Amino acid sequence: QIEGERDLFSFSEERRRELWKKAVRARSAMAGVRERSAFVGNAAAGSAKSSVVGASEARCEWTSTTRVLVACGGKSRHATERGREHAAGGALRMQGGGGDSVEPRNPDALVVIGTRGSPLALWQAHETERCLKEAFPELAKEGAIQISVINTSGDRFLETSLADMGGKGLFTKEIDAAQLRGDVDIAVHSMKDVPTWLPEGICLPCMLEREDTRDVLLSPKAKSISELPDGAVIGSASLRRKSQLLAKNSTFKVVNFRGNLQTRIRKLNEGVVDATMLACAGLSRMGMMEHASQIVEWDEMLPAVAQGAIGITCRTGDEKMLKYLAALNHQDTLTCVTAERAFLEALDGSCRTPIAGQAWLVDGGARIEFRGLVARPDGSEVHEVERSGAAEHAEKIGREAGAELKAKIGSDFFAVAEE
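Residues numbered from 1 in each chain as written. Predicted model: local features only at pLDDT ≥ 70, side-chain atom pairs only at ≥ 80, totals over all residues. Heavy atoms only, no water.

Caption draft 1: Looking closely at the sheet that holds strand E14 (residues 294-296). Strand order in the open sheet formed by five strands is E12-E11-E13-E10-E14, with mixed pairing between adjacent strands. Lying at the two open borders of the sheet, with one neighbouring strand each, are strand E12 (253-255) and E14. Ignoring strand direction, the axes of neighbouring strands in this sheet form an average angle of 30°. Bridge analysis of strand E10 (residues 215-218) against E14 gives three bridges, and the strand direction is antiparallel. Residue pairing across strands places Leu217 opposite Gln294, the latter belonging to E14. Of the strands in this sheet, E10, strand E11 (233-235), E12 and strand E13 (275-279) touch helix H7 (residues 239-248), which is tilted by about 130° from E13. Strand contacts of helix H8 (residues 261-269): E10 and E13, with the helix running at about 160° to E13, the strand carrying the most contacts. (Pairing = 2+ DSSP bridges. Helix = DSSP H or I, 4+ residues; strand = E, 2+ residues; numbered from the N terminus. Axes fitted to C-alpha atoms, helices over the stretch in contact; angles between N-to-C directions. Contact = heavy atoms within 4.5 Å.)

See below:
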């Protein structure tokens, strides 16, 4: 237990952040906790129990402040951000097996948020919940917002690389289906997981303000990529990272390495790999930046399209949800990500094609700069492009940058990339 039975709401913001960091470290150290978990919430009591495959029983308590996971006596205790407010809106469940069954909709909920069940995805969903409550008084009432966790294909098959599973859409299609059925009203996504095409009936009108887009290196053996020895084993499921790493040192062995942040860090500490790479945004949001050995600058590794951005979708024509999301939208982020996704779409890119792209605004937001990159998976060939122009033409700039690279690399480049 943390500080006895005290409600975390009574702590100062500084103390809550300190407890959160300790809790995440404790969660990362828990051995034997498997990815497939089942969370069953008890809304009336404001508590939840979590059965974890291959691990000891964990008890979840929902409080109004910070998510806390602490290992004590073979158990984990955790409280999730603003969870008590969510508990009144309905139970929270993450399915352990296949399928995309969704928690029954609470008839009193004004907004039901669909999300994946990883700690980072839940952080993003609760951040969206917080923003909605701040912007709209009617959503600040207990039970007004319900969070529904949906297990996706990408979450279920962790031993298979994303490229082998077919690339994009693996983390979104079950959530899209739930949205179209009306089980959830809005869905919160890491934008780098969202395909450039959206199912008919779903739109993407909102992005929250973007986090740091850079990658980070995590390694107990090196403080930077350049310090990694020849033959180092690096865990990554990203072809983009793999190709750029091999372009720097062809002796690196890059192996498939999937799971949530906590799982990857645990595997790293167990010596499964010598190093791994993660998005700085996710590590920062989870309060785990102390694990970073190096924040990698764009010149050394160009980030993924839309990395660090949180997107929120709703059904096309749902005026009520469109009104809510308009108040949350960060236009600068939307502009930059629009350019990046247009670049990716022009290249017909997916998880099977090593593509990177970043856009940023200059001149007070009046102009946009863009850098893009495409590579072969073995790093033997890398091509880059740069473009700039008026911010209002962001989509056109990204699309033209993609077309320029596509013409340069030839028609067989991606066929080789998919081998």
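Caption draft 2: Structural view of the nonpolar core. The biggest cluster of nonpolar side chains holds 36 residues, and the ones touching the most others in it are Val111, Ile113, Leu132, Leu139, Ile186, Leu283 and Ile312. Looking at which element gives the most residues to this core, the answer is helix H3 (residues 119-135), with five residues. Here Leu139 is in contact with Leu110, Val111, Leu132, Lys133, Ala144, Ile145 and Tyr324, once residues within four sequence places are set aside. Counting residues in each nonpolar core, the second largest holds 26 residues, with Ala309, Val337, Ala339 and Ala359 among its members. (Core = buried A, V, L, I, M, F, W, Y, C linked by side-chain atoms within 4.5 Å. Buried < 20%, exposed > 50% of the residue type's maximum accessible area, 1.4 Å probe, protein only.)

Caption draft 3: Looking closely at the side chain of Glu129. Tracing the chain through its elements places Glu129 in helix H3. For Glu129, the side chain forms a polar contact with the side chain of His126, separated by 2.9 Å. (Polar contact = N/O pair within 3.5 Å; in protein donor to acceptor, adjacent residues only side chain to side chain.)

Caption draft 4: View of the packing of aromatic side chains. A complete count under the given rule lists three aromatic pairs for this structure. Sitting above the plane of the Phe257 ring, Lys267 keeps its charged end 5.6 Å from the centroid. (Phe/Tyr/Trp six-rings, centres within 6.5 Å; stacked < 30°, edge-to-face > 60°. Lys NZ or Arg CZ within 6 Å of the ring centre and 35° of its normal.)

Caption draft 5: Quick peek at unusual backbone geometry. Positive phi values are uncommon outside glycine, yet Ala306 reaches one of about 70°. Topologically, Ala306 is positioned in the loop between E14 and strand E15 (310-315). Residue Ala306 is classed as buried on the basis of its relative accessible area of 0%.

Caption draft 6: Region of interest: the pairing of strand E18 (residues 382-390). Bridge count between strand E17 (residues 367-375) and E18: nine bridges; the pairing is antiparallel. Across the sheet, residue Gly372 finds its bridge partner in E18, namely Val385. Linking E17 to E18, which pair antiparallel, is a turn of six residues; within it Gly379 sits at a positive phi near 75°.

Caption draft 7: Inspection of the confidence of the model for the protein at higher detail. Model confidence for the protein is summarised by a mean pLDDT of 78, while 69% of its residues fall at 70 or above. Ignoring residues within four places in sequence, the model shows residues 1-9, a span with pLDDT below 50, making 21 contacts including any to other chains. Low confidence marks residues 27-99, where pLDDT is under 50. Its contacts with residues over four positions away, or in another chain, come to 189 contacts. (pLDDT = per-residue confidence, 0-100.)

Caption draft 8: Highlighting the environment of Val184. Within the secondary structure layout, Val184 lies in the loop between helix H6 (173-181) and strand E8 (186-190). Note: C-alpha distance between Val184 and Glu103 (81 residues apart in sequence) is 9.6 Å.

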